[in-house]
2 protein chains.
Amino acid sequence: MPEPIDTVYPIILCGGTGTRLWPASRESMPKQFARLVDPRTSTFQASLERVAEAGVFAKPTVIASAEARFIVAEQCGQLGIAADILLEPQGRDSAAAVAVAALHAAAIDPQAVVLIMAADHVVPDTRAFVDAVKAAAVGARAGYTMTLGIEPTRPASDYGYIRRGAPIPEAPGAARVEKFVEKPDRAGAEALIADGALWNSGYFLFRADLMLAELEAFVPDVLDAARSALDAAVTDLDFVRLDGAAFAKAPKISIDYAVMERTARAGVLPVSFPWSDVGTWDAVWQVLDHDAEGNAVRGRVSLVETKNSLVHSQGGGLTAVVGLEDVVVVSTPDAVLVASKARSGEVKQLVNALRASGEPEADAHLRMYRPWGWYQRIDIGERFQVKRIQVVPGGRLSLQKHYHRAEHWVVVRGTAEVTVDDRVVLVHENEAVYLPIGSMHRLNNPGKIPLELIEVQVGSYTGEDDIIRVEDIYGR
Amino acid sequence: MPEPIDTVYPIILCGGTGTRLWPASRESMPKQFARLVDPRTSTFQASLERVAEAGVFAKPTVIASAEARFIVAEQCGQLGIAADILLEPQGRDSAAAVAVAALHAAAIDPQAVVLIMAADHVVPDTRAFVDAVKAAAVGARAGYTMTLGIEPTRPASDYGYIRRGAPIPEAPGAARVEKFVEKPDRAGAEALIADGALWNSGYFLFRADLMLAELEAFVPDVLDAARSALDAAVTDLDFVRLDGAAFAKAPKISIDYAVMERTARAGVLPVSFPWSDVGTWDAVWQVLDHDAEGNAVRGRVSLVETKNSLVHSQGGGLTAVVGLEDVVVVSTPDAVLVASKARSGEVKQLVNALRASGEPEADAHLRMYRPWGWYQRIDIGERFQVKRIQVVPGGRLSLQKHYHRAEHWVVVRGTAEVTVDDRVVLVHENEAVYLPIGSMHRLNNPGKIPLELIEVQVGSYTGEDDIIRVEDIYGR
C-alpha cells in the first residue's frame, strides 16, 4: 500500500559518541542509547516515538555505525517499532549520511519529504513537534530545504543561529534563511537574539529529489560515494550494510557546509517548543526536573547543603555531596566524574587525556552489550576474573575456546544450553558447569526468560582477546 | 627481667569510629585502622611504631573495642610487634580507659610512667616525638600529670588549647598548666596564640600510682568500675576481655573533665613537631604531600584544571575531577563522597542522616574483616549474591548452615579444606565445590598462602543473618 502523498519519511542519524557526557556516555554505549534524561527511554528511543504517529510518518530509517547495530535493533525492539537500519562502515560526517537518506527515500518515492533528525535531542512536547514538522513539510513540498529554528531562551554560545529573511508565501509562518551563523560568543548571541535570529536545531526537511539535485551540484563526490555504497550494500540479518570501500570515498563534510549554507532554497520555520541537544552535563541538568534547591538527582543520592547540582548514582552505589553548588557528580561502577557545571564542556578534554594514556574507561563501559545480551566484569584478580553474563531468550554466543583460562559457569536465573566439546547439557538455576582450558564451548539460552550466570575465569591470562571464535550466528 | 627505671609504658586508646572521614572510615573499619594518610600503614600501626624504641618504651598496651580485636591483632602481627590487648565490652569514654591503663601498668610497677596515646594521630617525626616523651617523663616522674602541648601553626578552632603557667623546676622546658581552654572560635584562637597558648594534643604522661590517687579523689566510681572489670577480666585467645557488667558501671566521662581540669598537678611540655589529629578530610589533605597545584591524590585519578583538592580513588576505579578547587572526593566501590573541603566537618551530619535512613553504607564497609580473613560482596541480584572470600593461612570459618541458600565455591588461589556434612575434601585452585541448602559446612585454609575463592549464593534470601553457627574457634 503506497504511503499517502503528505507522509514524512523520518531518518534518524545515530552517529557520535557523546564524549562530553562521560562516564555515562562512552563509545561502547553512546549518549543517544543511554538513559540519561528519562530513566525509561534513551533519546534515540524518544526520537523514534516522536515520529511514530501513523498517517503523518512513514516507517523510520535509522542510520547508525556498524558497532551500534545491536543496540539499535534491541532498542527498536523494546518499543515494538520496526525501522530500516542502514549501517555506515565508518563515519563520513552528515552530508554522506543525508545523501544515503535521500537516496533511500527516493527509491520509494522520488518526491518523498524526508525529515532528518539527530538521535540525541530532547523535545518533551511531541504534539508541538509533530505540528511543526507538518507545517515545515509544506515548505519542503514547495521546494525548500526547511530547518526548524528554535526561538532562543538564553544567549547560548554553544548553538549555531539562523537569521530569518523574507517570508515564504507557500508555507505560512516560514521564512527564507538569510544566513546561518556559527556558534557566537555571548555578546554575539545577545545581538543575534535582539535581531530575531533562531537556534539551528539540526532538524531538516526536504524533498528527496531536490536534495539529490543539490548534492549533485555542490558535492558530487559525496553523492557518488553514497550511491555506490547503497548499490553495493549487503543485507545481513536485519541490517543493510553500506559497502565499505565505496562509502570510504565520501569526503567528510557536514550537510551544513555541503548544502545548507550554499543553497538558495533554505527555509526556516520558527518554533518555540522546549528543545535541547543535551551536549553537556550542564545541558542535561537544565532539561531535568529540579527539587527546591535546584538539584536533579538519580539513584541512591544523599545531599547536605548542596544546590543547583546534578548528581547521578548508577549501579547501586551511594553518592553523597556536602556543601557544594553548581557541580555535576556522575558515579558509575568503574568511573566517577566530579565537575564544575559551568565547565562541564571540558569533560571532552578529560576523555581525550584518558584515551591518550590508554585508560580503558575512556571508551569501554563495564557492562558490554552484545547481540546476545551483555556481560559485566564484577571482579578481577591476579589469575582470575569474574563476570555476570545475561543472555536474551534465543541468544547464542559464538562457538569458542580459550588458550589460557578455564571457566566455571553458575546459572543464577533461567536455563542454559551448554555445549562442551561433543556434549550438550542443560544447566538450570543453581547448577554449575566446568569448561576446561582449550575445550570448545558454546552458550545458548533456549528458554523464555533471560538467562543469567556468574562466570569465574581462572588462568594465567583473562583478557578479551583470548577468544578463538569458530562459529558465530551474528557474523562477527 | 624488670624494665629499667626510666621506661615509659605506652597505652594506645583505639576508640572512635572516625565518622567525619566517611566513606573510607566506617564503624566496620574506623580511620585509625585504615590506611588513609600513609598507603602502607594505618595511624594505629604508626602509633605502635612511634613507641617501639627498646630501652625507652615497655611493651605497648592497646585498649580497643571488642569488635576491633581482630583488626588490632592482625595489624600488630603485620608489624611483628607484641602488645597486650585489653578489650572494652563497650565504650565508656576516656576516663575509664585511662583508669584501666593505670591499673594495668601499676600491676607491673606502681610507679610506672604511663604514656596515653590516641591511635589516630599523625606525627611524622618519631625522633622529635620520642625526645619529647623523654623530657615529659621527667615531669611525670616528679609527680606531674604531663601533657604535650603543640606550638600552634594556625588559629585552629577545632582543637582545645592550654595556657601555660609557671615553669616546673624539676622538668626543664615544662610548665604548669594554668588552664585548659575548650575549642575557641577563630578570634579566640588568635588571642590564645598571641598569649602563648598551646594545642592540647591529648598525649598524657603520668605515674600510675598518682593517677590512681587522682581518680580515687575525683571519680571514684570510674576507678571502682575499672578495677572490678579488670579483676573479673577473662583471657580469650590473645585478648584480655574486661568484664562487661562491671565496666558498664563506669560513668561516661572524659579524662580531661574527670582529672586534668581539676588536678593541681597538671603540667605541659611545649613541643613544635608537626602533629595532626586528622579529624576531617581537610586535615588529611593538610598532612599529605601536594603536587604543584596543591592536590593530594591516591589511586587512579585524573584531574583537569583542579586545585587544592584531595582525590582518593579506592578499589581500582577511575575518579576524574574537572574545573574545581578546594574539594574532597573519596570514591570507594560502594560509596562516593564529594565535599567542599572547608565544610568537610559536616560529613558527620551526613553519616548521621545515612544512619537515620538505614543505609548500610553508613557503618558497614563492602569488605568485611573477620578473624579468619575477609569477605566482600561483588555482585547481588534478585535471587543470588556473589562474594570474594579470602582466608588467611590457618584461618577457619565457623561450622554453619543456611536455610535459604545453596552455595557454589570456586577456588581461585590456594587450597581449601571443605567440610560438607560428613565429608572433608581438599579443593584446589580452579576447582569448585557445591554446598546444598541445609548442608552443614565449614571452610578452612590448611595451606601456607592465603586462600581466595568466589562464592556464588543462590536462593530466596541471601542476607548475613541466615547463618546458623554450630561451632566457632573465634568465640563468636
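Residues numbered from 1 in each chain as written. Chains lettered and ligands numbered in written order. Predicted model: local features only at pLDDT ≥ 70, side-chain atom pairs only at ≥ 80, totals over all residues. Heavy atoms only, no water.

Draft legend 1. Local environment of the packing of aromatic side chains. Residues and elements named next belong to chain B. If you walk through the whole model with that rule in mind, you get 16 aromatic pairs over all chains. Taken together, a centroid distance of 6.2 Å and an interplanar angle of 65° make the contact between Phe129 and Phe273 edge-to-face. On the criterion of sequence distance, the pair formed by Phe129 in helix α4 (residues 126–141) and Phe273 in the loop between β11 (266–271) and α10 (281–287) is long-range, its members being 144 residues apart. When its relative accessible area of 6% is taken as the criterion, Phe273 is described as buried. (Phe/Tyr/Trp six-rings, centres within 6.5 Å; stacked < 30°, edge-to-face > 60°. Helix = DSSP H or I, 4+ residues; strand = E, 2+ residues; numbered from the N terminus. Buried < 20%, exposed > 50% of the residue type's maximum accessible area, 1.4 Å probe, protein only.)

Draft legend 2. Summary view of the interface of chain B and chain A. Listed by partner, the interface residues are 52 residues for chain B and 53 residues for chain A. Across the interface of chain B and chain A, roughly 4200 Å² is buried in total on both sides, 63% from carbon and sulfur atoms. The interface formed by chain B and chain A contains 10 salt bridges. Joining chain B to chain A, the criterion identifies 24 residue pairs in polar contact (both at pLDDT 80 or more). It is strand β17 (residues 335–340) of chain B that contributes the most residues to the side of chain B that touches chain A, six residues altogether. Residues that form the side of chain B that touches chain A fall into these classes: 30 nonpolar, nine polar and 13 charged. (Contact = heavy atoms within 4.5 Å. Buried area = accessible area lost by both parts, 1.4 Å probe. Salt bridge = Lys/Arg side-chain N within 4 Å of Asp/Glu carboxyl O. Polar contact = N/O pair within 3.5 Å; in protein donor to acceptor, adjacent residues only side chain to side chain. Nonpolar A, V, L, I, M, F, W, Y, C, P; charged D, E, K, R; others polar.)

Draft legend 3. Molecular detail of the state of the cysteines. Residue and element names in this part refer to chain B. Tallying each qualifying case throughout the model produces zero disulfides over all chains. Cysteine Cys14 is unpaired, with the sulfur of Cys76 as its nearest cysteine sulfur at 8.1 Å. Its relative accessible area of 5% is what places Cys76 among the buried residues. (Disulfide = S-S within 2.5 Å.)

Draft legend 4. Focus on the pairing of strand β26 (residues 441–444) of chain B. Residue and element names in this part refer to chain B. What you see with β26 is no split at all: His441 and Leu443 on one side and Arg442 and Asn444 on the other are buried throughout. Pairing of strand β23 (residues 416–420) with β26, which is carried by four bridges, proceeds in the antiparallel orientation. Each bridged residue has a counterpart across the sheet, and for Val420 the counterpart in β26 is His441. (Pairing = 2+ DSSP bridges.)

Draft legend 5. Region of interest: the nonpolar core. The biggest cluster of nonpolar side chains holds 73 residues, and the ones touching the most others in it are Phe44, Leu115, Phe129, Leu148, Leu205 and Leu443 of chain B. The biggest single contributor to this core is α4 of chain B, with seven residues. Taken domain by domain, the makeup of this core includes at least three residues from each of domain 1 (8–271) and domain 3 (367–471) of chain B. Each residue touching Leu148 of chain B, except ones within four places of it in the same chain, is listed here: Phe129, Ala132, Ala136, Trp199, Ser201, Tyr203, Leu205, Val268, Leu269, Val271 and Phe273 of chain B. Membership of the second largest hydrophobic core comes to 72 residues, among which are Phe273, Leu443, Leu451 and Leu453 of chain A. (Core = buried A, V, L, I, M, F, W, Y, C linked by side-chain atoms within 4.5 Å. Domains from an automatic or database assignment.)

Draft legend 6. Here's a closer look at the sheet that holds strand β25 (residues 432–435) of chain B. Residues and elements named next belong to chain B. Read from one edge of the open sheet, six strands run β18-β19-β20-β27-β22-β25, paired in antiparallel fashion. Taken across any chain shown, the strands that pair with only one partner, and hence form the sheet edges, are β18 (367–370) and β25. Within the sheet, the average angular offset between the axes of one strand and its neighbour, ignoring direction, is 20°. Bridge analysis of β18 against strand β19 (residues 373–380) gives four bridges, and the strand direction is antiparallel. From the neighbouring strand, Arg370 faces β19, where its bridge partner is Gly373. (Axes fitted to C-alpha atoms, helices over the stretch in contact; angles between N-to-C directions.)

Draft legend 7. The UniProt feature "domain: Mannose-6-phosphate isomerase type II C-terminal" (unreviewed entry) in chain A, seen in detail. As recorded in UniProt, the feature "domain: Mannose-6-phosphate isomerase type II C-terminal" (unreviewed entry) lies at residues 359–472 of chain A. End-to-end, the C-alpha atoms of residues 359–472 of chain A are 29 Å apart, and along that stretch the chain is 0% helix and 55% strand. (UniProt positions renumbered as here; feature names shortened; annotations may be inferred.)

Draft legend 8. Quick look at the sheet that holds strand β13 (residues 300–304) of chain A. Read across the open sheet, the six strands follow the order β13(A)-β15(A)-β17(B)-β16(B)-β14(B)-β12(B); overall the sheet is mixed. Looking at the sheet topology across the chains shown, the edges are occupied by β13 of chain A together with β12 (296–298) of chain B. Across the sheet, the mean angle from the axis of one strand to that of its neighbour is 5°, orientation sign disregarded. Strand direction decides the pairing type here: β12 of chain B and strand β14 (residues 310–313) of chain B, joined by three bridges, are parallel. Paired with Val297 of chain B across the strands is Val311 of chain B, a residue of β14 of chain B.

Draft legend 9. Inspection of the environment of Arg396 of chain A at higher detail. Its place among the elements puts Arg396 of chain A in the loop between β20 (384–391) and β21 (399–401). Exposure remark for Arg396 of chain A: the relative accessible area of 28% places this residue in the partly exposed category.

Draft legend 10. Representation of the packing of helix α6 (residues 208–218) of chain B against helix α7 (residues 220–231) of chain B within the structure. Residues and elements named next belong to chain B. Between α6 and α7, the least distance of the axes is 5 Å, while the angle of their chain directions is 120°. On the basis of their axis angle, the class for α6 and α7 is oblique. Residues Leu212, Leu215, Glu216, Ala217 and Phe218 of α6 form the contact with α7, whose own contacting residues are Pro220, Leu223 and Arg227. A class-by-class count of the residues in the contact of α6 with α7 yields six nonpolar, no polar and two charged. (Parallel < 35°, antiparallel > 145°, perpendicular 65-115°, else oblique.)

Draft legend 11. Quick peek at the pattern of salt bridges. Overall, the coordinates contain 44 salt bridges over all chains when judged by the stated rule. One salt bridge in this structure joins Asp120 of chain A and Lys31 of chain A, with 3.2 Å as the shortest N-O distance. Pair noted here: Asp120 of chain A is in the loop between β4 (113–118) and α4 (126–141) and Lys31 of chain A is in the loop between β1 (8–13) and α1 (43–50), with a separation of 89 residues, a long-range link. Owing to a relative accessible area of 16%, Asp120 of chain A belongs among the buried residues under this scheme. We note a salt bridge from Glu361 of chain B to Arg300 of chain A, for which the minimum N-O separation is 2.7 Å. Placement of Glu361 of chain B in the loop between α11 (347–356) and β18 and of Arg300 of chain A in strand β13 is noted, with the two residues assigned to different chains. Judged by its relative accessible area of 6%, Glu361 of chain B is buried. The network of salt bridges with common partners includes Glu53, Arg127 and Asp131 of chain A.

Draft legend 12. Representation of the domain arrangement of chain A within the structure. Taken domain by domain, chain A consists of domain 1 (8–271), domain 2 (281–356) and domain 3 (367–471). Its C-alpha centre places domain 1 of chain A at a distance of 40 Å from the equivalent point of domain 3 of chain A.

Draft legend 13. Representation of the packing of helix α3 (residues 93–108) of chain B against α6 of chain B. Residue and element names in this part refer to chain B. The geometry of α3 relative to α6 is characterised by a closest axis approach of 9 Å and an angle of 140° between their N-to-C directions. Put simply, α3 runs oblique to α6. Crossing of α3 over α6 shows left-handed handedness. Of the residues in α6, those touching α3 at Val98, Ala99, Ala102, Leu103, Ala105 and Ala106 are Ala208, Met211, Leu212 and Leu215. (Left-handed = near helix turned anticlockwise from the far one by under 90°.)

Draft legend 14. Quick peek at the relation of the copies chain B and chain A. Once chain B is rotated about the relating axis by 180° and shifted along it by 0.0 Å, it coincides with chain A to within an RMSD of 0.1 Å. Given the turn and translation reported, the copies of this chain are related as if by a two-fold rotation axis. Proximity to the rotation axis, assessed at the C-alpha, singles out Ile378 of chain B in chain B; its C-alpha lies 3.0 Å from the axis. An overlap of 100% is found between the interface residues of chain B and their copies at the interface of chain A, pointing to a shared contact surface. (Least-squares fit on C-alpha atoms with pLDDT ≥ 70 in both.)

Draft legend 15. Main features of the pairing of strand β19 (residues 373–380) of chain A. Residue and element names in this part refer to chain A. Taking burial as the measure, the eight residues of β19 include six buried ones, the bulk of the element. What sits between the antiparallel neighbours strand β18 (residues 367–370) and β19 is a turn of two residues. Note: β19 against β20, seven bridges, orientation antiparallel. In the strand pairing of β20, Tyr375 is matched with Ile389. A loop of three residues connects β19 with β20, the two strands running antiparallel in sequence.

Draft legend 16. Up close: helix α2 (residues 69–79) of chain A. Residue and element names in this part refer to chain A. Taken as a whole, α2 has its buried residues at Arg69, Phe70, Ile71, Val72, Gln75 and Cys76. For α2, the secondary structure elements touched by its buried residues are α1, β2 (61–65), β3 (84–88), β10 (239–241) and β18. Two residues or fewer past α2, Gly80 is found with a positive phi of approximately 70°.

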